[in-house]
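Analysis of the macromolecular model
So the chains spell out like this:
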Amino acid sequence: MSDSHPLDTLVPATVSSPACNHEGLISLDEALASYSTVVPLPVISLPLIKAHQHILAEDVLSPVELPLFTQSAVDGYAIQSTDSQLADATLRLAGEIRAGIEQQLVLEPGQAIRIFTGGKIPAGADAVARQEIVRRGQDTVQLMQRVSAGTDIRYQGEELAKGTKLANQGQYLNSGVIAALSMAGMQQVKVHRQSKIAVLITGDEVKNSKTGSQFSGSPDINETAFPNGQLDHDAQVFDANGPLIASWLKQQGYHSFELKYVSDDQSELQQALHQALNHFDLVVTTGGVSVGDYDLIRPVSMQLGAHQIFWQVAQKPGKPLYFASFQNLQSGHQSYLLGLPGNPAAVVIGLQLHLQTLLFYLQGKDKPQPQWHTGLFNGHLKPDSRERLLRMQMNIDNLGQVVLSPLPKQQSHMLSNLANANVLVRIPANQHFEKQTFLSFIAIN
Ligand SMILES: Nc1nc2c(c(=O)[nH]1)N[C@H]1C(S)=C(S)[C@@H](COP(=O)(O)OP(=O)(O)OC[C@H]3O[C@@H](n4cnc5c(N)ncnc54)[C@H](O)[C@@H]3O)O[C@H]1N2
Ligand code: MOO
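The structure displayed is predicted, hence computed values, not measured ones. (Residues numbered from 1 in each chain as written. Chains lettered and ligands numbered in written order. Predicted model: local features only at pLDDT ≥ 70, side-chain atom pairs only at ≥ 80, totals over all residues.)

What about the overall build of the protein chain?
The condition is simple: Put simply, DSSP marks the helices as runs of H or I at least four residues long and the strands as runs of E at least two long, and each gets a number from the N terminus on. With the radius of gyration taken over C-alpha atoms, the globule rule is written as 2.2 Å times the number of residues to the power 0.38. In this description, a residue-residue contact is defined by the distance between C-beta atoms placed from the backbone, which must lie within 7 Å.
Along the protein chain, the regular secondary structure elements total six helices and 24 strands. Its C-alpha radius of gyration of 31 Å places the protein chain more than 25% over the 22 Å reference for a compact globule of 445 residues. In terms of overall dimensions, the protein chain has C-alpha extents of about 105 × 55 × 40 Å along its principal axes. The long-range share in the protein chain, meaning contacts at least 24 apart out of those at least 6 apart in sequence, stands at 73%.

As structure tokens, this is what we get:
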């Protein structure tokens, strides 16, 4: 740390001085809406499996009909249904059709063909007698029940006609959609490229990994990225934010991100931010965005050319949240900076609401805004001038109602209740809440 005041050499011309009172803050909804101004990432074509957890950039129409051919739904015998009306109904066995084996067999009246689930129905057959309803002889099959036409047959095209829409532009490719596309023979899909993300954990007090703060431009997320062992002195804290962000990103399907630690030293921060803003699509920082003398993320980023979109949101936790855009005028490289406050609970809100919404806009997702659900709040709350996001436990009671139960330890520096929380509940500002109030929530993921 240099002897001079950290801001002596850094008074960016573009910094306004937003008032720290609540009137000067933007609302949570305004902050979330402002992410819609970002430029979505380019469209690329990916093999289906690699496209998992990406956002589809085009509607996908089925190139085939499904099922692909008329087939048996059971293990049994392909027959003509009229033969099952006969008094004796004993049919001659005339061959076998297995799933996946091409056969040119034709079923004649009075015959049965052994067939297995998924086997292609032979010409001449209009029903399958499942093996539980037949009595099998050496070369004969006696039907114990009448079987109507169409029984236990899956017809070609009964699920989908060729050209049916299978998936929509803007849709998230979860494993179910991947399977539906694969079943229709799709091998490549157009998706938005995922954001390349740099994560910068700041703070002299945060126990550091030894990997240094230089970004290499390639992902390095393995256990060596994180600090181990003892604290170096008793004013240090263990890092909560690095593992929080890394595991959250991985859960969202982002495996290509780089995470570094940087101290509150101005030149170190300047170097790390310069690299990150110029080589990544998105830079997520923690700490250093409040009003303290060593809260340098805003002034340093603005001196590097970042343009503040907003700073300070009327939310609790996470008030000093900072969002900026950056464009390198020479290379044209565009990136965004989401500066999350250092308090770990503020980082949770920053990920679940802000980063999630921002990423959805960057990836071109439909419905990018948080999809709030409603539940019955079961407790008391005093008014607060900031909208609050409380960690709660959501359960379904024995009447089938969605019930939200408050948890203790809600302050910004506390995280232990996350072990029991499954939702974030939105508490509007300046209102007194009693039991039996409907409130909005999202699941914590
Ligand atoms: N005078 C004022 N002081 C503060 C205000 C204010 O309006 N006026 N706002 C407060 C609010 S609200 C928040 S939130 C914090 C955010 O401050 P910063 O973003 O600058 O974060 P830091 O000061 O760097 O850290 C805050 C807190 O979190 C701990 N921390 C930081 N990083 C980690 C980490 N990786 N793992 C675990 N814990 C971490 C850090 O030690 C601090 O205790 O500012 C208030 N101050
Ligand atoms: O906004 Mo801060 O996270 O309330 O403490």
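That shown, we press on.
Focus: the site of ligand 1
Operational definition: Each residue receives a C-beta atom built from its backbone; the residue is near a molecule or strand if that atom lies within 6 Å of it. Any residue outside Ala, Val, Leu, Ile, Met, Phe, Trp, Tyr, Cys, Pro, Asp, Glu, Lys and Arg is labelled polar, Gly included; the first ten of those are nonpolar and the last four are charged.
If you check the shell around ligand 1, you find 28 residues, and the closest are N241, G287, S290, P341 and G342. Only α3 (241-251) and α6 (344-362) provide two or more residues apiece to the shell around ligand 1. Residues that form the shell around ligand 1 fall into these classes: 12 nonpolar, 12 polar and four charged.

Focus on the sheet that holds strand β19 (residues 334-340)
Rules: For two strands to pair, DSSP has to find at least two bridges joining them. Here an axis means a line fitted to C-alpha atoms, over the contact stretch when the element is a helix, while the angle between two N-to-C directions is reported on a 0 to 180 degree scale.
Pairing is mixed across the open sheet formed by six strands, whose spatial order is β14-β13-β15-β19-β18-β16. Two strands in the sheet have a free side with no partner beyond their single neighbour: β14 (257-262) and β16 (307-311). For this sheet, the mean angle separating the axes of adjacent strands, direction not counted, is 15°. Pairing between strand β13 (residues 197-202) and strand β15 (residues 282-286): five bridges, direction parallel. Paired with I201 across the strands is T286, a residue of β15.

A word on the sheet that holds strand β8 (residues 134-136)
Across the sheet, six strands lie side by side as β7-β4-β6-β5-β9-β8; this open sheet has mixed pairing. Here the strands that pair on one side only, and so sit at the sheet edges, are β7 (127-130) and β8. Between one strand axis and the next, the sheet turns through 40° on average, direction left out of account. As paired elements, strand β5 (residues 90-97) and strand β9 (residues 140-143) share three bridges and run antiparallel to each other. Residue L91 lies in a different strand from β9, and its bridge partner there is V141.

Side note on the environment of I101
What counts is decided by this rule: Think of it as a crowd count around each C-beta: if 20 or more other C-beta atoms lie within 10 Å the residue is buried, if 12 or fewer it is exposed, and in between it is partly exposed, with C-beta placed from the backbone throughout.
On the secondary structure map, I101 appears in the loop between β5 and β6 (111-115). Classification of I101 as exposed rests on a count of 10 C-beta atoms within 10 Å. Sequence separation of I101 and E159 is 58 residues, and the distance between their C-alpha atoms is 23 Å.

What about unusual backbone geometry?
P67 follows L66 through a cis peptide bond whose omega is -5°. Positionally, P67 belongs in the loop between β2 (60-61) and β3 (71-72). Phi angles above zero are rare outside glycine, and D152 is one such case at about 55°. Backbone geometry at K409 places phi at a positive 60°, although glycine is not the residue there. Along the chain, K409 turns up in the loop between β22 (402-406) and β23 (423-427). For K409, a count of 13 C-beta atoms within 10 Å translates into the label partly exposed.

Quick look at the pairing of strand β12 (residues 188-192)
Burial along β12 is one-sided: V189 and V191 are buried, while Q188, K190 and H192, pointing the other way, are not. Both strand β1 (residues 43-47) and β12 contribute to a ladder of five bridges, which runs antiparallel. Residue pairing across strands places I44 opposite V191, the latter belonging to β12.

Some points on the pairing of β14
Counting buried residues in β14 gives six out of six residues, a clear majority hidden from the surface. Residues F257, L259 and Y261 of β14 are buried on one face, and the alternating residues E258, K260 and V262, pointing to the opposite face, are buried as well. Summarising the sheet, β13 and β14 pair through six bridges and their orientation is parallel. The residue of β14 that forms the bridge with A198 is E258.

A look at the domain arrangement of the protein chain
Many descriptions give the size of an interface as the accessible area lost when the pieces come together. Spelled out, the test is: Note that domain bounds follow an automatic or database assignment of domains.
Assigned domains of the protein chain: these are domain 1 (28-41 + 194-363), domain 2 (45-66 + 160-192), domain 3 (71-154) and domain 4 (373-443). Computed over C-alpha atoms only, the centres of domain 1 and domain 3 are separated by 65 Å.

Observations regarding the environment of P227
Here P227 shows up in the loop between β13 and α3. Taking C-alpha positions, P227 is 8.4 Å from F238, a pair spaced 11 residues apart along the chain.

Notes on α6
Quick reminder of the rule: Values of bend correspond, residue by residue, to the angle between axes fitted over the seven residues ending at that residue and the seven starting there.
The largest bend along α6 reaches roughly 40° and is located at L351. Positive phi shows up at G364, right after α6, with a value of about 75°.

Regarding the confidence of the model for the protein chain
Inclusion rule: Each residue carries a pLDDT score, the predictor's confidence in it, ranging from 0 to 100.
Confidence in the prediction of the protein chain, expressed as mean pLDDT, is 92, and 92% of residues score 70 or more. Residue range residues 1-21 is modelled with pLDDT below 50. Its contacts to residues more than four positions away, or to other chains, number 26 contacts. ipTM for the predicted complex: 0.97, alongside a pTM of 0.90.

Observations regarding the nonpolar core
The following threshold applies: Residues enter a nonpolar core if they are buried, belong to Ala, Val, Leu, Ile, Met, Phe, Trp, Tyr or Cys, and are joined to the set through C-beta atoms within 7 Å.
Counting residues in each nonpolar core, the largest one holds 73 residues, and the members touching the most others are V199, A276, V283, V284, L338, L358 and V425. Tallying contributions element by element places α6 first for this core, with 13 residues. Three or more residues apiece are contributed to this core by two domains, here domain 1 (28-41 + 194-363) and domain 4 (373-443). Ignoring sequence-local partners within four residues, the contact set of A276 consists of A198, L200, F215 and V283. With 21 residues, the next largest nonpolar core counts Y77, I97, A112 and I115 among its residues.

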